Amino acid sequence: MRIAMIGTGYVGLVSGTCLADFGHHVTCVDKDQGKIEGLLAGRMPIWEPGLDSLVKSNVERGRLAFTTSLAEALKDAEAVFIAVGTPSRRGDGHADLSYVFAAVEELAGLLKGPIVIVTKSTVPVGTGDKIAALLKENGAPEGTSVASNPEFLREGAAIADFKHPDRILVGAEDDKARECLAEIYRPLFLNRAPLLFTSRRTAELTKYAANAFLATKISFINEMADLCEAVGADVQDLARGIGLDNRIGPKFLHAGPGYGGSCFPKDTLALLRTAEDAGIEQRIVSTVVGVNDDRKAAMADRVREALGGSVEGKRIGVLGLTFKPNTDDMRDAPSIPLVERLVSGGASVVAFDPVGREQAEKVLPKIDYAASAEAVADGADALVVVTEWDEFRALDLGELAGRMKGKVLIDLRNIYDRAEAETAGLSYRGVGRGSAPSPGV
Ligand SMILES: NC(=O)c1ccc[n+]([C@@H]2O[C@H](COP(=O)([O-])OP(=O)(O)OC[C@H]3O[C@@H](n4cnc5c(N)ncnc54)[C@H](O)[C@@H]3O)[C@@H](O)[C@H]2O)c1
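Source: prediction; values computed, not measured.

Each value, and the rule that gives it
Residues numbered from 1 in each chain as written. Predicted model: local features only at pLDDT ≥ 70, side-chain atom pairs only at ≥ 80, totals over all residues. Heavy atoms only, no water. Pairing = 2+ DSSP bridges. Helix = DSSP H or I, 4+ residues; strand = E, 2+ residues; numbered from the N terminus. Contact = heavy atoms within 4.5 Å. Axes fitted to C-alpha atoms, helices over the stretch in contact; angles between N-to-C directions. Near = heavy atom within 4 Å. Polar contact = N/O pair within 3.5 Å; in protein donor to acceptor, adjacent residues only side chain to side chain. Areas by Shrake-Rupley, 256 points an atom, 1.4 Å probe, with all protein chains shown as cover. Nonpolar A, V, L, I, M, F, W, Y, C, P; charged D, E, K, R; others polar. Salt bridge = Lys/Arg side-chain N within 4 Å of Asp/Glu carboxyl O. Buried < 20%, exposed > 50% of the residue type's maximum accessible area, 1.4 Å probe, protein only. Arc of directions from axis to C-beta. Core = buried A, V, L, I, M, F, W, Y, C linked by side-chain atoms within 4.5 Å. Parallel < 35°, antiparallel > 145°, perpendicular 65-115°, else oblique. Left-handed = near helix turned anticlockwise from the far one by under 90°. Right-handed = clockwise from strand over helix to strand, strands pointing away.

Concerning the sheet that holds strand β11 (residues 368-369)
- Read across the sheet, six strands follow the order β11-β10-β9-β12-β13-β14 without closing on themselves; strand pairing throughout is parallel. Every other strand in the sheet has two partners, leaving β11 and β14 (427-429) as the edge strands with one partner each.
- Sheet topology note: the strand β13 (residues 408-411)/β14 ladder contains three bridges and is parallel. Within β14, the residue paired with Val-408 across the bridge is Ser-427.
- Packing of helix α13 (residues 283-306) onto the sheet brings it into contact with β9 (315-319), β12 (382-385), β13 and β14, and relative to β13 it is tilted by some 160°.
- On top of the sheet, helix α14 (residues 335-344) reaches β9, β10 (348-352) and β12; it is set at about 150° to β10, its chief contact.

Pasting the structure below:
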């Protein structure tokens, strides 16, 4: 099948490449000329494990192409995916749909026949209806279909997620769109990935519900972590204790510095705005958003407390800046408010991130960047683990302690063992790992 993918970011590039790998012919289009030029020269605009070789092999097989021209991408296309950004609208938290609508308007004037337009971007319920109306207004051929196919991939594991999804969700209002998407995803369907058809509105809302639910699990375990600290219990064991219950499941139960990234913060907010417009209270999601905002803001206080009440004049080493490991994405990363608060409290911050430095420098320009995790420890009063990159797990804590001036390790991801850290001469503070000894009888 011939497919055009509008938007060549984390979702568009991964989806387009994987669809090409299934055997479809995909042309990815983007307004960002630098991005397309880089891709044509074999340079990836994002850091995603395995993506460069998958792009290369599909380009070589003639199934994957890149362009800045939508007209060129649309040539002979039977389906067009829209995978442009839908960030939070400044000021009110609604999803900013300007990129989606701009793409649709441009598309409408170029369509030669009635093809299927698929929204992969995360968009508020009812957006498909607006797209259909906009297409009509702008002279799209009669019979053009609009479907919703929200994406659930996770950055850092995006290719595996796209190729082995828990489910493929398709919201469509007509058989042509349903048949077209069934054909596009046939290779996955043959692999027994459930293909779930719903109405277009239901699919749009389901994406927000999924993200809000996962955000709720994270905020829940973070509040449990605070309670564990107060009463001398261990949140890691607690999470295992509840996560082994099949009704709950073990995922998204890792206590930490609060959720960040390109999806949960903006999607929970946008869901609240949708609910407000519909006149329906969403007290759970509203609380989750507040809990998470407070949590991110409170992480600098943990560092301050661990350093005896002030960070003024202290050198603080930060391990990891991206919002999670295996990505260079810094959008809404918990490291941002943490580092900003430490700096405004008078600390000097030195950080190391295995791949995120280039993106981090754009949002955190006022700090020092080290070339390795070990170098971050040099002369530091405290070390703070913010992102759980695998390479940090195997660090020699004795060596780090030897390089440090102070001996404080604040582990916001619980990747180290208290006993191991203490043996290395470090004073250890994890998340939700209370340690009050229980008296015997
Ligand atoms: N990043 C994720 O992990 C993830 C996961 C699931 C869903 N989503 C959703 O997918 C959508 C895209 O997210 P992303 O992270 O890939 O965004 P992104 O910012 O990385 O990429 C968007 C791309 O679209 C391009 N673009 C914008 N307008 C265009 C136009 N008119 N024509 C051509 N290109 C245009 C931009 O230049 C940019 O390269 C969002 O709605 C997001 O919520 C993201």
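Some words on the site of the ligand
- In the vicinity of the ligand lie 27 residues, with Asp-30, Lys-35, Thr-86, Glu-155 and Lys-266 positioned nearest.
- Here Thr-122 contributes a backbone N or O atom positioned 2.9 Å from an oxygen atom of the ligand.
- Contacts to the ligand include Glu-155, whose side-chain N or O atom sits 2.8 Å from a nitrogen atom.
- The protein chains hide 89% of the 830 Å² of surface that the ligand would expose on its own.
- The set of elements that each furnish at least two residues to the shell around the ligand consists of α1 (10-21) and α5 (98-110).
- In terms of residue class, the shell around the ligand is built from 10 nonpolar, eight polar and nine charged.

Considering the pattern of salt bridges
- In total, this model carries 29 salt bridges according to the counting rule given.
- Note that Glu-229 is salt-bridged to Arg-429, the shortest N-O span being 3.7 Å. Taken together, the residues Glu-229 in helix α10 (residues 200-231) and Arg-429 in strand β14 connect sequence positions 200 residues apart.
- Residue Glu-229 is classed as partly exposed on the basis of its relative accessible area of 24%.
- By relative accessible area, which is 25% here, Arg-429 ends up partly exposed.

Observations concerning α14
- Of the positions making up α14, those classed as buried are Ser-335, Ile-336, Leu-338, Val-339 and Leu-342. For α14, the arc enclosing every buried residue in end-on projection is 165°, short of the 170-degree limit, so these residues lie on one face.
- On its buried side, α14 packs onto α13, β9, β10, α15 (357-363) and β12.

A look at the environment of Val-350
- Secondary-structure assignment places Val-350 in strand β10.
- Its relative accessible area of 4% is what places Val-350 among the buried residues.
- Here the alpha-carbon distance between Val-350 and Leu-110, two residues 240 residues apart in the chain, equals 50 Å.
- Not counting residues within four places of it along the chain, the set of residues in contact with Val-350 comprises Arg-315, Ile-316, Gly-317, Val-318, Asp-368, Ala-370 and Val-376.

Here's the deal with the side chain of Asp-381
- Looking at the element boundaries, Asp-381 is found in the loop between α16 (373-377) and β12.
- Beyond its immediate chain neighbours, meaning those up to four positions away, Asp-381 contacts Leu-307, Lys-314, Arg-315, Met-404, Lys-405, Gly-406, Lys-407 and Val-408.

Remarks on the environment of Arg-304
- Within the secondary structure, Arg-304 sits in helix α13.
- Under the relative-accessibility criterion, Arg-304 is labelled partly exposed at 33%.
- Each C-alpha atom, one on Arg-304 and one on Glu-223, is 20 Å from the other, the two residues being 81 residues apart in sequence.
- Discounting chain neighbours no more than four positions away, the residues touching Arg-304 are Gly-309, Ser-310 and Val-311.

Examining the nonpolar core
- Counting 39 residues, the largest nonpolar core has Leu-19, Phe-81, Ile-184 and Tyr-185 as its most contacted members.
- Beyond its immediate chain neighbours, meaning those up to four positions away, Tyr-185 contacts Leu-19, Phe-81, Lys-120, Asn-149, Phe-162 and Ile-168.
- Counting 36 residues, the second-largest nonpolar core is a separate cluster that includes Ile-221, Phe-323, Ala-347 and Ala-382.

Regarding the packing of α10 against helix α11 (residues 235-243)
- In the contact formed by α10 and α11, the axes pass within 9 Å of each other and the chain directions differ by 135°. Relative to α11, α10 is oriented oblique. In this structure, α10 meets α11 at a crossing whose hand is right-handed. Contacts between α10 and α11 involve Phe-220, Ile-221, Met-224, Ala-225 and Cys-228 from the first element and Val-235, Leu-238, Ala-239 and Ile-242 from the second.
- Of the residues assigned to the contact of α10 with α11, the class counts are nine nonpolar, no polar and no charged.

Describing unusual backbone geometry
- Even without being a glycine, Asp-76 presents a positive backbone phi close to 65°.
- Relative to the elements of secondary structure, Asp-76 occurs in the loop between α4 (70-74) and β4 (79-82).
- Judged by its relative accessible area of 55%, Asp-76 falls in the exposed class.
- Of note, Asn-326 is a non-glycine position whose phi angle comes to about 65°, a positive value.
- Take Asn-326: it is sitting in the loop between β9 and α14.

Examining the pairing of strand β6 (residues 145-148)
- Alternating residues of β6 divide into Ser-145 and Ala-147 and Val-146 and Ser-148, and every residue in both groups is buried.
- Two elements, strand β5 (residues 116-119) and β6, share four bridges in a ladder whose sense is parallel. What sits directly across from Val-116, in β6, is Ser-145.
- Where the polypeptide runs from β5 across helix α6 (residues 127-137) and back to β6, its parallel neighbour, the crossover connection is right-handed.

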